[in-house]
Amino acid sequence: MGTAAVTHPLRALNQAELIRLARVADRLLSGRPKITPGNRPHKLRAGHGIEFLDHRAFMQGDNLRDIDWRATARSRTPQIRRFRNETSSDWFICLDRSASMSLGDGRKWGLAIQLTAALAYLLIHLDNRVGLLTFSDRIDGFKPLGRGHHTYAALLRLLESTSPRSSGGDTLLHSCASQLQSGSQIIVISDFLTSDSLQPGLKLLAGIGEDVHAVQVLDEHETTLTQSGLLSLRDIETNRRISIHHTAEVQKQAEEQLGKLSKNLRQHCHKYQIAFTSCTTAENWKTILLDHLTSLGLFNAKL
Amino acid sequence: MPNFESPLWLLGLFGIPLVWWIHRFRNIGIDLPVSTVVLWQNIVCPENKGHRPTIADPLWRQRAVIITAIVLALTTPVLDSLPNRTAKVWFDHSLSMHTVEEKGTRIELGIQQLLSRLDTEEITQATVHSLLDFSHSLQLEPHASIQNKQALRRWLGTLPQTTVKALPTPFLSKHENWLVTDGADNRVQDWIDKARIDQIIQVGSTTENTALMLLSVRPSLTQTGFTGIANISNQGHKNSTRRLQIRAQDKAVGEWLFTLQPGEIKHHYFNIPLNDTGLIEARLLHPEGTTEDALANDDRLSLIIPSTKVAVTGNCGKPIQALLQALPGIRLVSSTSATLNIVCASEQPLTDNATIWFYTGGETQQINQLPFWNPSVAQLSQLSLQPAPLLVHTSQAPGLEQTLLTADGMPLISFQSTPERRMEVRLDINTPQLTEHPAFPTLVTGLMEFALEQDLLGRIHTIQRAPQETQITPRPLHIKNSTSLNDTNITASELTHWLIIAAIILLFFDLIRNKRVLA
């Protein structure tokens, strides 16, 4: 137990598995049969491409110069032009390091940084530029966009030196907006356990980024309380307290509430075309990534 | 019921509802951190209605007790200490306390006021000590005034009537120290300051007193019997007229009337024409029409003049009998009870006590030289006995070890001190040349004084009073230092400490409980 406690979660990442996963990702992430064939991701970056791709509704954060006034006049709603991106993409991984990520004996945080590191490896392997933001109620750490192994190494060092906050603070996804580049790809890794499930933040990022991915990391015992009887539950981030009389029925209701929150989040992500995956610490990072990449392929296919 | 020295602090108890109100906002139960309380916020339970407990944390009761203990400690509560009040009463029973006031003697007034005060102050345990000799004490029974009054009277009656000779210093203790006195002795105030008296019961107001201060008697050197002196003092503030009466053998031998100014002392000389007096008494009587003396105990002085018992046996002749009867303080008795035997015989007497043996046997011879005294006979060394016509018995020389008188090379008087003081005299006691000699009375008296080792003619018998004994004017007394306040504080602080300790213990348990919950 002691050895497991001191072993950093990033040590569990297997290089060979990452390479195998990269091959799968290569096919899945590049598979855009509706838009452009090829073995490299060609992302949409308005203003940086030449070939017209499509129109879409104007959203907060869009550049006014991209508005197609004719299309706007026809549809009577603001429409912007999108162009086919002919270069590799820029990816930002936003990792939640709020206090809620520290619970569950660190397993939640461990899984989150494993996913972050694995995703960064895959994206860098696909010749993308990757940046990392760790955030809570503010941006706590930032690694600018970079490419290559040295960028991956720098990301790993940042992840190794980062730990979730012990208490206080909040989870504000809005705080990341200032560092994100418009048209970039954004992956948010968080437990999304707030009263609003970070839905306003996701909506904002959906306007900034070309594509937004949301990975919800939950502890497998998120609703399991170790004590019974009269409990004073303290929100580790807001310090808000409520008193409950913990029973099996109460636990069941809490699990239902968690399922309801996840369902709402999933619907919200679907509404804003955000790729969403929910996982728990009972799952392996590789499985989670495969599920996400698979759903991403299906997601793109639906697009 | 406890008393509160600072009762205003009790207003702090109105803050207890505030404690309850504050604890309504405190979440009850074991503290448990979670990622978000959103998962449980819609779960309705009695303790969590509206996301806020509807009942106060049960800990509010414990904290209310803590605050109550602290508030009560601030009020400095004093438990009703009356059941535990004990007192040491120092009772002055000196001569001045026998002064008669309007409602009785000062001692009686002191007893009444003491018992009344003990009841008023609700002293449950009191021990009365003699102020003059603190080894004498009397334990009073609680709530038994009548019995205590009788016991005090009996106890004080057994104590010697003396002045305040040695004032004791009571030990500082939890007892209260009370003093019953008239304050006539000026040393009492100093003692009060040193002894830390808590309460003073002062009795008496009379100031007028005339007293006999001195009675002194000695054998008269010029007349038959005794001569004496009596001192009378007026200690009051008004003129006093008194009659001095001298009594001997229970009979008045003289009376004199005096009027004394305030503070005046009269010296009166008198003669008692009796050789064997026994008891000599001086009395101060108040003439008719004058006020009776407030303190009668100092109006009498008496002396017992001891007699020297002398037995004369043998053929000593009338002169020596007449001489002995004329000497004051000499009583002629039989030889069995005598302290001095004067024997005139030719045979050596067999006696067990001091003896002067005048040898009467054999021939007599007139001495021609002046007799010479041994220097050891100091009182007779100046006595000159003319040689002619002094006759001495020469047939048998005195055989005792020390020669006191010699003439013509012959020892005339010899002496030995053991086994009993014995003197042999070769002077002819029956010859008129000796008995009619002017130095005869002095010679016999000197021999008797030497044999008895007593001053028969120079003895002075005196009895006198110290001036402060007869001073009855009460002086104002005041308390400088008191121990009772300290005792009260000790009682109060003891209760305060208990409350503080209780509060600390409860706080400690509260802290332990909170740490356990947080852990």
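This text follows the structure it describes.
Within any chain, residue numbers begin from 1 and follow the written order of that chain's sequence. For this description, chains carry letters from A and ligands carry numbers from 1, given in the order in which they are written. Only residues with pLDDT of 70 or above have their local features reported here, since the model is predicted, and side-chain atom pairs are shown and tallied only from 80 upward, although totals for entire chains, interfaces and linings are computed over all residues. To obtain the side-chain values, all non-hydrogen atoms of the structure were included, while hydrogens and water were left out.

K.L.:
I'd like a description of helix 6 (residues 318–326) of chain B, backed by residues and values.
P.N.:
Residue and element names in this part refer to chain B. Each residue gets one of three labels from its accessible area relative to the maximum for its type: buried under 20%, exposed over 50%, partly exposed in between, using a 1.4 Å probe on protein chains only. The helix and strand labels rest on DSSP assignments: H or I over at least four residues marks a helix, E over at least two residues marks a strand, and numbering proceeds from the N terminus. Along helix 6, the residues that are buried comprise I320, L323 and L324. Projected down its long axis, helix 6 shows its buried positions confined to an angular sector of 95 degrees, all on one face. In helix 6, the exposed positions that point more than 90 degrees away from the buried face belong to K318 and Q325. In the core, the buried residues of helix 6 are packed alongside strand 18 (308–314), strand 19 (330–332), strand 20 (340–345), strand 21 (354–359) and helix 8 (440–452). This arc is taken over the directions from the axis of the helix to the C-beta atoms. Between two residues, a contact is recorded if the distance between any of their heavy atoms is within 4.5 Å.

K.L.:
Describe helix 3 (residues 106–120) of chain B, and please don't skip the residues or the numbers.
P.N.:
Count 3.6 residues to each turn of an α-helix, and residues three or four apart come out pointing the same way. All names here are of chain B. With 15 residues, helix 3 ought to run about 21 Å at 1.5 Å a step, and its terminal C-alpha atoms sit 20 Å apart, in line with that. Where helix 3 is concerned, the buried positions are R106, I107, E108, L109, G110, I111, L114, L115 and L118. E122 sits one or two positions beyond helix 3 and adopts a positive phi of about 55 degrees. Take the number of residues in a helix, subtract one, and multiply by 1.5 Å to get its expected span.

K.L.:
Break down the interface of chain B and chain A for me, citing the residues and quoting the values.
P.N.:
Between chain B and chain A, the contact holds 22 residues from the first and 31 residues from the second. Carbon and sulfur atoms make up 61% of the area that chain B and chain A hide from each other, which totals about 2,700 Å². The buried area of a pairing is the accessible area, by a 1.4 Å probe, that goes missing from both parts when the two are put together, added over both. Counting the surface chain B buries against chain A, the share from its top three residues, S35, L39 and W40 of chain B, is 26%. The salt bridge definition used is simple: a Lys or Arg side-chain nitrogen within 4 Å of an Asp or Glu carboxyl oxygen. Summed over the shared surface of chain B and chain A, the result is zero salt bridges. Here a polar contact means two N or O atoms within 3.5 Å. Within protein one must be a hydrogen donor candidate and the other an acceptor candidate, and residues neighboring in sequence count only if both atoms are side-chain atoms. Summed over the shared surface of chain B and chain A, the result is six residue pairs in polar contact (both at pLDDT 80 or more). Asp, Glu, Lys and Arg are counted as charged, while Ala, Val, Leu, Ile, Met, Phe, Trp, Tyr, Cys and Pro are counted as nonpolar; the rest, among them Gly, fall into the polar class. Within the side of chain B that touches chain A, the residues separate by chemical class into 12 nonpolar, eight polar and two charged. Here the rule is simple: two strands pair whenever DSSP picks up at least two bridges between them. Note that strand 8 (residues 229–235) of chain A and strand 2 (residues 30–34) of chain B share five bridges and pair parallel. Bridge pairing in strand 2 of chain B links R234 of chain A to P33 of chain B.

K.L.:
Outline the sheet that holds strand 2 of chain B, supporting the account with residue identities and numerical values.
P.N.:
The three strands are arranged 9(A)-8(A)-2(B) in an open sheet whose pairing can be described as mixed. For this open sheet the edge positions go to strand 9 (241–246) of chain A together with strand 2 of chain B, each flanked by a neighbour on one side alone. Sheet twist, expressed as the average angle between the axes of neighbouring strands with direction ignored, equals 35 degrees. Examined bridge by bridge, strand 8 of chain A and strand 9 of chain A share six bridges and lie antiparallel to one another. Within the sheet, the bridge partner assigned to R234 of chain A lies in strand 9 of chain A and is R241 of chain A. Throughout, an axis means a line fitted to C-alpha atoms (over the contacting stretch in the case of helices), and angles, computed between N-to-C directions, take values from 0 to 180 degrees.

K.L.:
Break down the sheet that holds strand 13 (residues 240–248) of chain B for me, citing the residues and quoting the values.
P.N.:
All names here are of chain B. Pairing is antiparallel in the open sheet, where four strands are placed in the order 14-13-16-17. What marks the edges here is a single partner per strand, and that holds for strand 14 (251–260) and strand 17 (300–304). Between one strand and the next, the sheet's axes are offset by a mean angle of 15 degrees, whatever the strand orientation. Pairing of strand 16 (residues 279–285) with strand 17, which is carried by five bridges, proceeds in the antiparallel orientation. Bridge pairing in strand 17 places R283 opposite R300.

K.L.:
Mind laying out the pairing of strand 2 (residues 79–83) of chain A, listing which residues take part and the relevant values?
P.N.:
Residues and elements named next belong to chain A. The element strand 2 is extensively covered by neighbouring structure, given that four of its five residues are classed as buried. Of the strand pairs in this sheet, strand 1 (residues 52–57) and strand 2 are connected by five bridges, and their pairing is antiparallel. The partner of A57 across the bridge, within strand 2, is Q79.

K.L.:
How would you explain the packing of aromatic side chains if you had to name every residue and give the values?
P.N.:
Stacked, edge-to-face and tilted labels apply to pairs of Phe, Tyr and Trp rings (six-membered ring for Trp) whose centres lie within 6.5 Å, assigned for plane angles under 30 degrees, over 60, and everything in between, in that order. All told, the structure shown has six aromatic pairs over all chains when counted by the stated rule. Centroid distance Y121 of chain A to Y152 of chain A: 5.3 Å. Interplanar angle 70 degrees. Geometry classified as edge-to-face. On the criterion of sequence distance, the pair formed by Y121 of chain A in helix 4 (residues 107–125) and Y152 of chain A in helix 5 (residues 149–161) is long-range, its members being 31 residues apart. Residue Y121 of chain A shares its accessibility class with Y152 of chain A, and that shared class is buried. Ring centres 5.7 Å apart and planes at 85 degrees place the aromatic pair W357 of chain B and Y359 of chain B in the edge-to-face group.

K.L.:
Which residues make up a nonpolar patch on the surface, and what values go with them?
P.N.:
Exposure above 30% relative accessible area and the absence of a salt bridge qualify a residue for a patch, where like charges join within 9 Å and nonpolar side chains (Val, Leu, Ile, Met, Phe, Trp, Tyr) within 5 Å. Accessibility throughout is a Shrake-Rupley quantity obtained with a 1.4 Å probe, and a residue counts as covered only by protein chains that appear here. Side chains of W498, I501, I505, F508, F509 and I512 of chain B sit close together on the surface and give an oily, nonpolar patch of about 640 Å² of accessible area. For F509 of chain B, the position within the fold is in helix 9 (residues 484–518).

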